[in-house]
Amino acid sequence: MICLPKGLFEFQQKASRFLVDTTLNTDKEIIIIKAPTGAGKTIILLDYIDAYLNINRNTAFIWLCPGTGNLEEQSMKKMHKYLPKRDAMTLNEALIAGFEAESTTFINWELVTKNNNRCITPSESKNLYNHIDDAK
C-alpha cells in the first residue's frame, strides 16, 4: 500500500483503478492518462504498480522517463519513499541482475536511445534487449 499520510485523492484512486482494470481486462498496448502538473501522476502510477503487483506478482515494470533532467532518479526516489517495500532498480542494476519479477526499473529514455549506447549494442555480455527477452 502506498505510504501517504492522507492517502490518495479520490481522482487518483479512480485513475489507478482504471489502469489496473484496463491492463487486466484488455489487450490494449497503449493507455493514456492525462493530468495537469501537480495532479500526482507519479503517485498514481506508483499506486497502480503496487495494486497490479498484488494481483500479478510475475511482472517487471520498466519506467521510461524523457529528458535530461534526471526525472528517472526523482521518480525512483518517490518509489523508495512511498513504496519502500517494492524493488526499484536503475538501468545499470537491471543490466547486471536482469528484470526481476515484482521490480520496477527506472530508465532515462535518451540514455537508451542515443547512438552507440553500450547498453543496447551487441556484446559478449547481455544488453538491454537480451534482458528484456529473458524477462518475457
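The residue numbers shown here count from 1 along each chain, following its written sequence. In view of the model being predicted, local features appear only for residues whose pLDDT reaches at least 70, and side-chain atom pairs are presented and counted only at 80 or more, with totals across whole chains, interfaces and linings using the full set of residues. The side-chain values count all of the structure's non-hydrogen atoms but skip hydrogen atoms and water molecules.

Q: Can you tell me about the overall build of the chain, naming the residues and giving the values?
A: On a plain count of helices and strands, the chain comes out with 6 helices and 3 strands. Think of it this way: any DSSP run of H or I at least four residues long counts as a helix, any run of E at least two long counts as a strand, and we number them from the N terminus. Helices (α) and strands (β) of the chain occur, in sequence order from the N terminus, as α-α-β-α-β-α-β-α-α. Categorising residues by exposure relies on relative accessible area from a 1.4 Å probe, with only protein chains included: less than 20% of the type maximum marks a residue as buried, more than 50% marks it as exposed, and the intermediate range marks it as partly exposed. A buried classification covers 36% of the 136 residues belonging to the chain. Here, two residues are considered to be in contact whenever any of their heavy atoms come within 4.5 Å of each other. Taking the intrachain contacts of the chain between residues at least 6 apart in sequence as the baseline, contacts between residues at least 24 apart amount to 61%.

Q: Which residues make up the pairing of strand E1 (residues 61-65), and what are the values?
A: Looking along a regular strand, one sees the side chains alternate between the two faces of the sheet. On E1, burial follows the alternation: Phe61, Trp63 and Cys65 on one face are buried, whereas Ile62 and Leu64 on the facing-out side are not. Following DSSP output, two strands are said to pair if at least two bridges run between them. Looking at chain direction, E1 and strand E3 (residues 103-108) are connected through 5 bridges and run parallel. By the bridge assignment for E3, isoleucine 62 is matched with threonine 105.

Q: Account for the nonpolar core, naming residues and giving values.
A: Soluble globular proteins tend to bury their nonpolar side chains together. By convention a nonpolar core is built from buried Ala, Val, Leu, Ile, Met, Phe, Trp, Tyr and Cys residues, the set being connected through side-chain atoms within 4.5 Å. Counting residues in hydrophobic clusters, the biggest one holds 21 residues, and the most contacted among them are Ile2, Leu46, Tyr48, Ile49 and Met79. For this core, the elements supplying multiple residues, two or more each, are helix H1 (10-25), helix H2 (41-55), E1 and helix H3 (71-82). Broken down by element, the residue count for this core peaks at 7 residues, all from H2. The contact partners of isoleucine 2, leaving out residues within four places of it in the chain, are Leu8, Ile43, Leu46, Asp47, Asp50, Tyr82 and Leu83.

No statement about biological role is implied by the geometric values presented.
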